Amino acid sequence: IDFESLPWNLNCPEAHNYVLVKTTSGKWEQTHYDPEVDDGEVCNSIFPYVSTPLNVYPSTTSLNYGTTIWEGLKCFRTSKGRAAVFRPDMNFKRLCNGADALCLPKPSYELFMRGIQSAIQANGDLIPPYGDGMKLYIRPLLMGSGQQLGLYPSPEFSLIFYVSPTGNYFKGKAMGGLKIHLETKYSRASRGGLGSAKCSGNYAITLRPLEEAKKQGFNDNLYLDLETYKEGNLNEAIIQELSAANVFLVLKTGEIVTPCLKKGTILPGVTRDSVIQLVKEVASELQSSFQESTGKGDKKVFISERDVKVSDFLNATEAFITGTAAEIVPLGSLATGEGEENFSITLPHENGGPVTLKILEILREVMYEKRAPIDITKTWLPNPFTSSENFRLLS
């Protein structure tokens, strides 16, 4: 396989195997996985992707009522040649949050982690060699797979782990800043909804706005908390996130800021959390980059989570987005589109400023074991080919 040339998509499905376990009891049993003996269905229920399709009927609950959640994480080789999975415990926590929200049975931590291991070990030859941006993408999927017509939790549930090798997200693309549309008509999530759950509906709802934005020449949408937007006062509206990525701003005050999670309308991204944790620990390393970005040497760099207003972009020298696929990507410009209240700004460092690039450099040094681990990163890169116990312990 020419891993470097693979796009960000489902690649080489004929070579894949996936893991599938089911329950009709509304909970996961010891038969699915018993950590005491490291055995169970999740270790053995492995199927060829192409020749073993799922049995999906017209009345399947997830098709009719949208009861599907999923995760996205990556396995890659570090500079030491070993395989590593990036922070899978964070994906487990987020999956459990989504399971609660959609009346799906939460897997145990042990079952979830063993499912990831089984999927990676069954597809070990699809892990790319060490190289910038190449990875084996793993997608755990939890869905209501039973048949029924009424609006109830499903009588059967399926937990699936499938994979796809991918190349560098930026292969063949210019590494420039994204042109982002400030979306003032459509809402991605609202208070009391499912904005913080990684459920299928949260992506379906972004498709139409995304297609409309692309027709106007934008790469993606940045959504607002529409409850805070009053026509004629757009600068005071509070931002949320993009279609599938979180956003950060680098302000002239020394603050690196991202929208907070307290309203439950924003997905708690794993890369988002990683950036927050790293900047807290290595803020001093960013001082020279911040001075280069802003021309100010008297401001101390710090990171915060709070309500971020549209007006904060007017005080920013850089902005970037974070996600599993692209890691960190500079945001170049932000503007409203046709028929919307006027707003337009091009960031001073539209193609990737010194702070953005330094944070990306530090993150990749941690990921590829080119930087000595510190307390917060010691558990970020567990080896999927170690024992199941050690993998659960994130070692």
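1. A look at the overall build of the chain
Working step 1: Of the regular secondary structure elements, the chain holds nine helices and 16 strands.
Working step 2: Taken over C-alpha atoms, the radius of gyration comes to 21 Å for the chain, in line with the 21 Å a tight globule of 395 residues would show.
Working step 3: Along the longest, intermediate and shortest principal axes, the C-alpha atoms of the chain span 60 × 50 × 35 Å.
Working step 4: Looking at the chain as a whole, 55% of its 395 residues qualify as buried.
Working step 5: A separation threshold of at least 6 residues defines the contact pool for the chain, and within that pool the share at least 24 residues apart is 74%.

2. Describing the packing of aromatic side chains
Working step 1: Counted under the stated rule, the structure contains 12 aromatic pairs.
Working step 2: Pairing Trp-70 with Tyr-203 gives two aromatic rings, centres 5.0 Å apart and planes at 40 degrees, and the pair type is tilted. Linking Trp-70 in strand β3 (residues 68-70) with Tyr-203 in helix α5 (residues 201-215), this pair joins segments that are 133 residues apart in sequence.
Working step 3: Seen in terms of ring centroids, Phe-248 and Phe-320 are 5.0 Å apart; in terms of plane orientation they differ by 5 degrees. Their pairing is stacked. Remark: Phe-320 occurs in strand β14 (residues 316-323) and Phe-248 occurs in strand β11 (residues 246-251); sequence separation between them is 72 residues. Phe-320 carries the same exposure label as Phe-248, and that label is buried.
Working step 4: What links up through ring pairs into an aromatic cluster is the set Tyr-18, Phe-47, Tyr-49 and Tyr-162.
Working step 5: Against the face of Trp-70 rests Arg-139, its NZ or CZ located 3.7 Å from the ring centre.
Working step 6: Just above the ring of Phe-218 sits the side chain of Lys-179; from NZ or CZ to the centre is 5.4 Å.

3. Some words on the nonpolar core
Working step 1: Membership of the largest hydrophobic core comes to 36 residues, with the highest contact counts inside it found for Ile-69 and Cys-75.
Working step 2: No other element matches the six residues that helix α4 (residues 109-121) contributes to this core.
Working step 3: Beyond its immediate sequence surroundings of up to four residues, Cys-75 is in contact with Ala-83, Ala-84, Val-85, Ile-120, Ile-127, Lys-135, Leu-136, Ile-138 and Pro-384.
Working step 4: Phe-86, Ile-276, Met-367 and Trp-380 belong to the second-largest nonpolar core, a separate cluster that totals 29 residues.

4. As for the pattern of salt bridges
Working step 1: Within this structure, the stated rule accounts for 19 salt bridges.
Working step 2: Close ionic contact of Glu-285 with Arg-371 constitutes a salt bridge, the shortest N to O distance being 2.9 Å. You can see Glu-285 sitting in the loop between α6 (270-282) and α7 (287-294) and its partner Arg-371 sitting in the loop between α8 (354-367) and α9 (388-392), a full 86 residues away along the chain.
Working step 3: On the accessibility criterion, Arg-371 (23% relative accessible area) is partly exposed.
Working step 4: Members of the salt-bridge network, linked through shared partners, are Lys-74, Asp-132, Glu-327 and Arg-364.

5. Points about the side chain of Ser-62
Working step 1: By the secondary structure assignment, Ser-62 is in helix α2 (residues 61-65).
Working step 2: If near-sequence neighbours (up to four positions away) are discounted, Ser-62 is found in contact with Thr-67, Thr-68, Met-143 and Gly-144.

6. With respect to the packing of α7 against α8
Working step 1: Close contact between α7 and α8 brings their axes to 8 Å; oriented N to C, the two are set at 155 degrees. Relative to α8, the element α7 lies roughly antiparallel. Contact residues: Ser-289, Phe-290, Glu-292 and Ser-293 in α7; Pro-354, Val-355 and Lys-358 in α8.
Working step 2: Its residues assigned to classes, the contact of α7 with α8 shows three nonpolar, two polar and two charged.

7. Notes on a nonpolar patch on the surface
Working step 1: Together, Leu-54, Val-56 and Leu-63 give the surface a local cluster of nonpolar side chains, amounting to about 260 Å² of exposed area.
Working step 2: With respect to the helices and strands, the residue Leu-63 is situated in helix α2.
Working step 3: By relative accessible area, which is 56% here, Leu-63 ends up exposed.

8. Some thoughts on helix α3 (residues 88-101)
Working step 1: Taking 1.5 Å per residue as the helical rise, α3 with its 14 residues ought to reach 20 Å, and the 20 Å between its terminal C-alpha atoms agrees with that figure.
Working step 2: Taking burial as the measure, the 14 residues of α3 include 10 buried ones, the bulk of the element.
Working step 3: What α3 keeps buried is the set Pro-88, Asp-89, Met-90, Asn-91, Phe-92, Arg-94, Leu-95, Cys-96, Gly-98 and Ala-99.
Working step 4: Downstream of α3 by one or two residues, Cys-103 has phi in the positive range, about 55 degrees.

9. Some thoughts on the pairing of strand β1 (residues 17-23)
One face of the sheet, then the other: side chains in a regular strand alternate in exactly this way.
Working step 1: Taking burial as the measure, the seven residues of β1 include five buried ones, the bulk of the element.
Working step 2: Of the strand pairs in this sheet, β1 and strand β2 (residues 46-48) are connected by three bridges, and their pairing is antiparallel. Across the sheet, the residue bridging to Val-19 is Ile-46, located in β2.
Working step 3: Relative to strand β7 (residues 157-166), β1 is paired through five bridges, and the arrangement is antiparallel. Residue pairing for β7: Thr-23 is matched across the bridge by Phe-157.

Rules and cut-offs
Residues numbered from 1 in each chain as written. Predicted model: local features only at pLDDT ≥ 70, side-chain atom pairs only at ≥ 80, totals over all residues. Heavy atoms only, no water. Helix = DSSP H or I, 4+ residues; strand = E, 2+ residues; numbered from the N terminus. Rg over C-alpha atoms; globule rule 2.2 N^0.38 Å. Buried < 20%, exposed > 50% of the residue type's maximum accessible area, 1.4 Å probe, protein only. Contact = heavy atoms within 4.5 Å. Phe/Tyr/Trp six-rings, centres within 6.5 Å; stacked < 30°, edge-to-face > 60°. Lys NZ or Arg CZ within 6 Å of the ring centre and 35° of its normal. Core = buried A, V, L, I, M, F, W, Y, C linked by side-chain atoms within 4.5 Å. Salt bridge = Lys/Arg side-chain N within 4 Å of Asp/Glu carboxyl O. Axes fitted to C-alpha atoms, helices over the stretch in contact; angles between N-to-C directions. Parallel < 35°, antiparallel > 145°, perpendicular 65-115°, else oblique. Nonpolar A, V, L, I, M, F, W, Y, C, P; charged D, E, K, R; others polar. Patch = residues over 30% accessible without salt bridge, like charges linked within 9 Å, V, L, I, M, F, W, Y side chains within 5 Å. Areas by Shrake-Rupley, 256 points an atom, 1.4 Å probe, with all protein chains shown as cover. Expected span 1.5 Å × (residues − 1). Pairing = 2+ DSSP bridges.

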